[in-house]
Amino acid sequence: ISRASCLLLVGPTLCPVSTPSPNEPQRAVQQLSGSGSRTRMAEDDVKVKVHFVAVGAAPIMKKTKFQISADHRFASVAIFLRKMLKLQAGQSLFLFCSSSFVPSMDQPLIDLRDAFAVRDELVVHYSLQEAWG
């Protein structure tokens, strides 16, 4: 996975229905930085425990459980794991959730944990060749 393919542009799009007033951008900034920033700060404290399990001939890591910020996307898990395994750019890496499916790379970790956690851990199986699905 190249870093460029993992970037995701997320943000509000302001589409005024009528001609915007001169104060419109200031109001938009106030709305975005208002109550949302407090919620964002509370979410930053939340961590998802990710448990990596090697499948097939994949290299086994010494440490298999990591705490990752809940607001990260699944793509950040793939990038992190590639670094930990010291994989070359051309080597394949397959990631599976619940031993069966490949989550979308833009899926938030908090959503995956809420739906598929086992004992409050998101179990991610990894392989260098396709194992399931």
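This text follows the structure it describes.
Because the structure is predicted, anything quoted here is derived from the model rather than measured.

1. With respect to the packing of aromatic side chains
1) Next: Applying the stated rule across the entire model yields 5 aromatic pairs.
2) Next: Note on Phe 66 and Phe 80: the rings are 4.9 Å apart at their centroids and 75 degrees apart in plane angle, and the pair reads as edge-to-face. Here Phe 66 is found in strand 2 (residues 65-69), whereas its partner Phe 80 is found in helix 4 (residues 74-85), with 14 residues between them in sequence.
3) Next: Owing to a relative accessible area of 11%, Phe 66 belongs among the buried residues under this scheme.
4) Next: Through a chain of ring-to-ring contacts, the aromatic side chains of Phe 52, Phe 66, Phe 80 and Tyr 126 assemble into a single cluster.

2. A few points about the side chain of Glu 121
1) Next: Relative to the elements of secondary structure, Glu 121 occurs in the loop between helix 5 (109-116) and strand 4 (122-127).
2) Next: Given the relative accessible area of 11%, Glu 121 is considered buried.
3) Next: Among all residues touching Glu 121, those that are not within four sequence positions of it are Lys 49, His 51, Lys 65 and Phe 116.

3. A few points about the environment of Ile 60
1) Next: If you trace the backbone, Ile 60 turns up in the loop between strand 1 (47-54) and strand 2.
2) Next: Look at Ile 60 and you get exposed, because its relative accessible area is 72%.
3) Next: In sequence terms Ile 60 and Tyr 126 are 66 residues apart; their C-alpha atoms lie 9.7 Å from each other.
4) Next: The residues touching Ile 60, leaving out its near neighbours within four places in the chain, are Ala 54 and Tyr 126.

4. Here we look at helix 4
1) Next: In this model helix 4 runs 17 Å from its N-terminal to its C-terminal C-alpha over 12 residues, within 8% of the 16 Å that 1.5 Å per residue would give.
2) Next: Buried within helix 4 we find Phe 74, Ala 75, Val 77, Ala 78, Leu 81, Arg 82 and Leu 85. Seen end-on, helix 4 carries its buried residues on one side only, within an arc spanning 155 degrees.
3) Next: With its phi angle positive at about 55 degrees, Lys 86 sits one or two positions after the end of helix 4.

5. Topic: unusual backbone geometry
1) Next: With a phi angle near 55 degrees, Ser 98 is a residue other than glycine that sits in the positive phi range.
2) Next: Mapping Ser 98 onto the fold places it in the loop between strand 3 (94-97) and helix 5.
3) Next: Phi angles above zero are rare outside glycine, and Arg 119 is one such case at about 55 degrees.
4) Next: With respect to the element layout, Arg 119 can be found in the loop between helix 5 and strand 4.
5) Next: Given a relative accessible area of 76%, Arg 119 falls into the exposed group.

6. So, the pattern of salt bridges
1) Next: Evaluated as defined, the whole model comprises 2 salt bridges.
2) Next: Residue Arg 113 pairs with Asp 114 through a salt bridge whose shortest N-O separation is 3.1 Å.
3) Next: The exposed category is assigned to Asp 114, whose relative accessible area is 54%.

7. Some words on the sheet that holds strand 4
1) Next: Strand order in the open sheet formed by 4 strands is 2-1-4-3, with mixed pairing between adjacent strands. Sheet topology places strand 2 and strand 3 at the edges, where each strand pairs with a single neighbour. Direction aside, the axes of adjacent strands within the sheet are offset by 35 degrees on average.
2) Next: Across 5 bridges, the pairing between strand 1 and strand 4 is parallel. In the strand pairing of strand 4, Val 53 is matched with His 125.

Calculation criteria
Here, residues in each chain are numbered from 1, in the same order as that chain's written sequence. The predicted origin of the model limits local features to residues at a pLDDT of at least 70 and limits the giving and counting of side-chain atom pairs to 80 or more, whereas totals for whole chains, interfaces and linings rest on all residues. Think of the side-chain values as coming from all heavy atoms in the structure, minus any hydrogens and water. Note on aromatic contacts: the rings of Phe and Tyr and the six-membered ring of Trp form a pair at centre separations within 6.5 Å, being stacked when their planes are under 30 degrees apart, edge-to-face when over 60 apart, and tilted otherwise. Helix and strand labels come from DSSP, where a helix needs a run of H or I of at least four residues and a strand needs a run of E of at least two; each type is numbered from the N terminus. Exposure is judged per residue with a 1.4 Å probe applied to protein chains only, and the accessible area is read against the type maximum: over 50% gives exposed, under 20% gives buried, and values in between give partly exposed. Whether two residues touch is decided by their heavy atoms; if any such pair falls within 4.5 Å, the residues are in contact. One fewer than the residue count of a helix, multiplied by 1.5 Å, yields its expected span. Throughout, the arc means that of the directions going from the helix axis to the C-beta atoms. Whenever a carboxyl oxygen of Asp or Glu lies within 4 Å of a side-chain nitrogen of Lys or Arg, that contact is scored as a salt bridge. Any two strands between which DSSP finds at least two bridges are classified as paired. Axes here mean lines fitted to C-alpha atoms, for a helix over just the part in contact, with angles spanning 0 to 180 degrees between N-to-C directions.

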